[in-house]
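# Working through the structure, step by step
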2 protein chains.
Amino acid sequence: MKFGVLGTGVVGQTLATKLVQLGHEVMMGSRSAANEKARAWVAKAGAKGRAGTFGAAAKFGEVVVSCTEGKVALEALRTVDRRDLAGKVVIDVSNPLDGSRGGVPVLSVCNHDSLGESIQREFPDARVVKALNTCNCDVMVDPSRLKGDHDLFVCGNDAKAKEQVTALLRDFGWKSIHDLGDITNARGTEQLLPLWMRLYGLFQSPDFNFRIVRKG
Amino acid sequence: MKFGVLGTGVVGQTLATKLVQLGHEVMMGSRSAANEKARAWVAKAGAKGRAGTFGAAAKFGEVVVSCTEGKVALEALRTVDRRDLAGKVVIDVSNPLDGSRGGVPVLSVCNHDSLGESIQREFPDARVVKALNTCNCDVMVDPSRLKGDHDLFVCGNDAKAKEQVTALLRDFGWKSIHDLGDITNARGTEQLLPLWMRLYGLFQSPDFNFRIVRKG
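These notes cover the structure that comes with them. (Residues numbered from 1 in each chain as written. Chains lettered and ligands numbered in written order. Predicted model: local features only at pLDDT ≥ 70, side-chain atom pairs only at ≥ 80, totals over all residues. Heavy atoms only, no water.)

Turning to the packing of helix 1 (residues 10–21) of chain B against helix 2 (residues 36–45) of chain B, a few remarks are in order. Helix-helix packing is described using two parameters, namely the angle between the two axes and the distance between the axes. All names here are of chain B. The geometry of helix 1 relative to helix 2 is characterised by a closest axis approach of 11 Å and an angle of 25° between their N-to-C directions. Classified by the angle their axes make, helix 1 and helix 2 are roughly parallel. Taken as a pair, helix 1 and helix 2 cross one another with a handedness that is right-handed. Along its contact with helix 1, which presents Gln13, Ala16, Thr17 and Val20, the element helix 2 presents Lys37, Trp41 and Ala45. Of the residues assigned to the contact of helix 1 with helix 2, the class counts are 4 nonpolar, 2 polar and 1 charged. (Axes fitted to C-alpha atoms, helices over the stretch in contact; angles between N-to-C directions. Helix = DSSP H or I, 4+ residues; strand = E, 2+ residues; numbered from the N terminus. Parallel < 35°, antiparallel > 145°, perpendicular 65-115°, else oblique. Left-handed = near helix turned anticlockwise from the far one by under 90°. Contact = heavy atoms within 4.5 Å. Nonpolar A, V, L, I, M, F, W, Y, C, P; charged D, E, K, R; others polar.)

Right, dumping it as structure tokens:
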């Protein structure tokens, strides 16, 4: 399958590499087609990797993965011809983190709204699925690096889109994936970040995730 | 030890009963000394249980447990003579949930502030420890009812107060307790509630908790 991965940071690179490893074709999108990080990634990724603008990557992908920094996620998507998002699954991986005040980052949107909802609202013809935003990117693409089972969440308005994303996540190695419902539930998973960041500080490592424990 | 438990709801009743079972003396506090739920609880609790106003319970307790509904927690504490909180450990169990708009409750304070911080700010001489707010009250007092290990969080500005609360939590049966740092970290644990409530809706049961899974 063809993926457009928007974002050249560590999350974008890690996801793009995993998708190529799984046999998919990936165009990594960035603000400029000449982005050096994207070009360096292509050089390593081989024949199935390429680079372009956000717009070119979105056009290329049958599925679009939005994994720029949360604060610029909408801005990046706005540079795309919205017809190139219409009908497509858009996996929203980003969190709306704002570290501008120093200390533990806060959320730039939360509680009554979320980044996932913001994207779906602005691109109503896209089939937005919020996923993978509750763990570090190394865990995203290799859940077995942690000891024991742990959980992931998806939400979105389109049931078939969620099924498709869930199948991809199973290819990544995820076993326990909870469908929380429509895209408003992105408020729940994005608001996990304030605790996630504190645990990151406590452990001095991003190598952890949450497991939901229930009655026996 | 003597505990003042502020709140007659299911959380207050469950915690008060557990404390009595552990051999502590408990006064359950409510707006009115004649509160019927508190009186019914006393009738069941036996010689170690009693009831009174919020003020009387706070005066009685060597440790005060604030477990009224989050939206009235500050209001309840304001009825207490603040000298009766000075120097005491105040365990803040409540979450600032606001269900007034229908749907999944939102938080009445979050992101840049928290209920835990609000209480500490308003009662600077109290030694506030945020704890137990991330799970259902049946799980709070009996973590073994869930299958396998799972985690709890404490935070607060006073290290000795956190040690004392952690020891009490161990008496409740908790094994894995993370000290997140000062009271501002209540933002992290309170903001877990939007996800908790969605999982509660999904499972149709409050019998679950989070386990932090790390590298082997």
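Alright, that's what it looks like, and here's the rest.
Two residues of an α-helix separated by three or four positions point the same way, owing to the 3.6 residues in each turn. Residue and element names in this part refer to chain A. In this model, helix 7 (residues 159–172) (14 residues) spans 20 Å end to end at C-alpha, consistent with the 20 Å of a helix rising 1.5 Å per residue. Within helix 7, burial applies to Ala161, Lys162, Val165, Thr166, Leu168, Leu169 and Phe172. The buried residues of helix 7 occupy an angular sector of 160° when the element is viewed end-on, so they sit on one face. Opposite the buried face of helix 7, by more than 90 degrees, sit the exposed residues Lys160 and Glu163. The opening residue of helix 7 is Asp158, an N-cap whose side-chain oxygen sits 3.0 Å from the backbone nitrogen of Lys160. Directly beyond the C-terminal end of helix 7, a positive phi value near 115° is found at Gly173. (Expected span 1.5 Å × (residues − 1). Buried < 20%, exposed > 50% of the residue type's maximum accessible area, 1.4 Å probe, protein only. Arc of directions from axis to C-beta. Polar contact = N/O pair within 3.5 Å; in protein donor to acceptor, adjacent residues only side chain to side chain.)

Attention shifts here to the packing of aromatic side chains. A complete count under the given rule lists 9 aromatic pairs over all chains for this structure. Look at Phe203 of chain A and Phe208 of chain A: their rings are 5.4 Å apart centre to centre, the planes differ by 80°, and that puts the pair in the edge-to-face class. For Phe203 of chain A, a relative accessible area of 12% corresponds to the buried category. Three or more aromatic residues link up through ring pairs in this structure, and these residues are Trp196, Tyr200, Phe203, Phe208 and Phe210 of chain A together with Trp196, Tyr200, Phe203, Phe208 and Phe210 of chain B. Over the face of the ring belonging to Phe203 of chain B we find Arg214 of chain A, whose NZ or CZ atom lies 3.8 Å from the ring centre. (Phe/Tyr/Trp six-rings, centres within 6.5 Å; stacked < 30°, edge-to-face > 60°. Lys NZ or Arg CZ within 6 Å of the ring centre and 35° of its normal.)

What follows is about the side chain of Asp92 of chain B. All names here are of chain B. For Asp92, the location among the structural elements is in strand 5 (residues 89–92). Of the residues examined, Asp92 reaches a relative accessible area of 0% and is grouped as buried. The contacts of Asp92, once residues within four sequence positions are left out, are Ser66, Leu115, Gly116, Ile119, Val128, Val129, Lys130, Ala131 and Glu190.

Within the largest apolar cluster, 72 residues are counted, with the highest numbers of intra-cluster contacts made by Leu85, Leu199 and Phe210 of chain A together with Leu85, Leu199 and Phe210 of chain B. Not counting residues up to four positions away in its chain, the partners in contact with Leu85 of chain B are Ala58, Val64, Leu77, Val80, Val90, Phe123, Asp125 and Ala126 of chain B. Ranked by size, the runner-up nonpolar core spans 36 residues in total, among them Ala38, Val89, Val141 and Leu168 of chain A. (Core = buried A, V, L, I, M, F, W, Y, C linked by side-chain atoms within 4.5 Å.)

For these two chains of identical sequence, chain B goes onto chain A by a turn of 180° and a shift of 0.0 Å along the axis, with RMSD 0.0 Å. The transformation relating the two chain copies, once decomposed into turn and shift, fits a two-fold axis. When you check the interface residues of chain B against chain A, 100% turn up at the interface there too, and the contact is symmetric in its surfaces. (Least-squares fit on C-alpha atoms with pLDDT ≥ 70 in both.)

Residue and element names in this part refer to chain B. Reading across the sheet, the 8 strands line up as 3-2-1-4-5-8-9-10 and stay open at both edges, with mixed pairing between neighbours. Two strands in the sheet have a free side with no partner beyond their single neighbour: strand 3 (49–53) and strand 10 (176–179). Each strand of the sheet is rotated relative to its neighbour by a mean of 25°, with strand direction disregarded. Relative to strand 4 (residues 63–66), strand 1 (residues 2–6) runs parallel, the two being bridged by 4 bridges. Looking across to strand 4, one finds that Gly4 is bridged to Val64. Against the sheet, helix 2 engages strand 2 (25–30) and strand 3, with an angle of about 160° to strand 3. (Pairing = 2+ DSSP bridges.)

Take the packing of helix 1 (residues 10–21) of chain A against helix 7 of chain A next. Residues and elements named next belong to chain A. Direction vectors running N to C along helix 1 and helix 7 enclose 85°, while the axes themselves pass 11 Å from each other. Compared by their axis directions, helix 1 and helix 7 come out roughly perpendicular. Only Leu168, Asp171 and Phe172 of helix 7 make contact with helix 1, whose side of the interface consists of Leu15, Lys18 and Leu19. Its residues assigned to classes, the contact of helix 1 with helix 7 comprises 4 nonpolar, no polar and 2 charged.

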